[in-house]
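# Coordinates in review
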Amino acid sequence: MIFTETKLKGAFIIDLELRADDRGAFARTFCMKEFEQHGLKPTVAQCNLSFNYKAGTLRGMHYQVPPAAETKLVRCTKGAIYDVIIDLRPDSPTYMQHIGVELTADNRRALYVPEMFAHGYQALTDGAEVVYQVGEFYTPGYERGIRYDDPAFGIEWPMPVTVISDKDAAWPPFAAVPV
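Residues numbered from 1 in each chain as written. Predicted model: local features only at pLDDT ≥ 70, side-chain atom pairs only at ≥ 80, totals over all residues. Heavy atoms only, no water.

As recorded in an unreviewed UniProt entry, the protein chain goes by dTDP-4-dehydrorhamnose 3,5-epimerase and comes from Leptolyngbya sp. NK1-12. In its Function (unreviewed entry) section, the UniProt record describing the protein chain reads: "Catalyzes the epimerization of the C3' and C5'positions of dTDP-6-deoxy-D-xylo-4-hexulose, forming dTDP-6-deoxy-L-lyxo-4-hexulose." (UniProt positions renumbered as here; feature names shortened; annotations may be inferred.)

As structure tokens, then:
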């Protein structure tokens, strides 16, 4: 695996090192030892899959607070998504900054999301499928969210939002979110 740290400390883009031959290709997608060597939490408590019928579908922006703060390793296995993370660590030099990364089945890229980062994505293709390895169990009492269009962050989504859950559309502005 090739680990590239983003401008948000602790958040990494992870590319595969494909070993190809006449049969096709092989690559490691997760290695506890390599994650630890990069200072990443290697725990996998749950693996989740989401499927999105339509391009323009938006999911997010979600996170969990301590003691149930979660890491995520996010990969698009079918189609393409625009994945966004926001640093919500008050003591971080990149507090309230965000990045967006295109994850596709073709680029096989993954995004490592540290604890206390809000996460969300927009499907860029019909039928986009996303797999998450999550470092903590889903714990509803510790779940939080931020509106995808909160002006405090100025996220520029690549296309109009055509489908969003009522819950995601109703998240309050960031200032109103209790940690």
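Continuing now.
Next up on the list: empty space enclosed by the protein. The final tally for this structure, using the stated rule, is one cavity of 30 Å³ or more. Of the voids in this model, the largest cavity is the one considered here, and its volume is about 60 Å³. The wall of the largest cavity is formed by Phe 30, Phe 35, Lys 41, Pro 42, Thr 43, Val 44, Thr 71, Lys 72, Leu 73, Tyr 112 and Gln 133. For the lining of the largest cavity, the residue count by class is six nonpolar, three polar and two charged. (1 Å grid on protein atoms, 1.4 Å probe; cavity = no way out; pocket = protein on both sides within 12 Å on 5 of 7 lines; lining within 4 Å. Points joined across faces, edges and corners; volume = space filled by probe spheres on them. Nonpolar A, V, L, I, M, F, W, Y, C, P; charged D, E, K, R; others polar.)

One pass over the full model with this rule turns up eight salt bridges. Two residues, Asp 21 and Arg 23, come together in a salt bridge whose shortest N-O distance is 2.5 Å. Where Lys 72 meets Glu 70, a salt bridge forms, and the shortest distance between an N and an O atom there is 3.7 Å. For Glu 70, a relative accessible area of 12% puts it in the buried group. (Salt bridge = Lys/Arg side-chain N within 4 Å of Asp/Glu carboxyl O. Buried < 20%, exposed > 50% of the residue type's maximum accessible area, 1.4 Å probe, protein only.)

A few words now on the side chain of Asp 83. Structurally, Asp 83 is set in strand β8 (residues 80–87). For Asp 83, which is buried and forms no salt bridge, the nearest opposite charge comes from Lys 72, at a distance of 8.0 Å. Residue contacts for Asp 83: discarding those within four places in its chain leaves Val 74, Ile 99, Gly 100, Val 101, Leu 103, Leu 111, His 119, Gly 120 and Tyr 121. (Helix = DSSP H or I, 4+ residues; strand = E, 2+ residues; numbered from the N terminus. Lys, Arg positive; Asp, Glu negative; His and termini not counted. Contact = heavy atoms within 4.5 Å.)

As a further point, take the state of the cysteines. Taken as a whole, this structure holds zero disulfides when the rule is applied. Take Cys 31: it sits in no disulfide, and the sulfur closest to it among the cysteines is that of Cys 47, at 15 Å. (Disulfide = S-S within 2.5 Å.)

By volume, the largest pocket amounts to about 470 Å³. In terms of lining, the largest pocket is formed by 26 residues, of which the most central are Asn 48, Arg 59, His 62, Lys 72 and Tyr 132. When contributions to the lining of the largest pocket are tallied by element, the ones reaching two or more residues are β5 (46–52), β6 (57–64), β11 (117–123), β12 (128–134), β14 (163–164) and α2 (166–169). The element best represented in the lining of the largest pocket is β6, accounting for seven residues.

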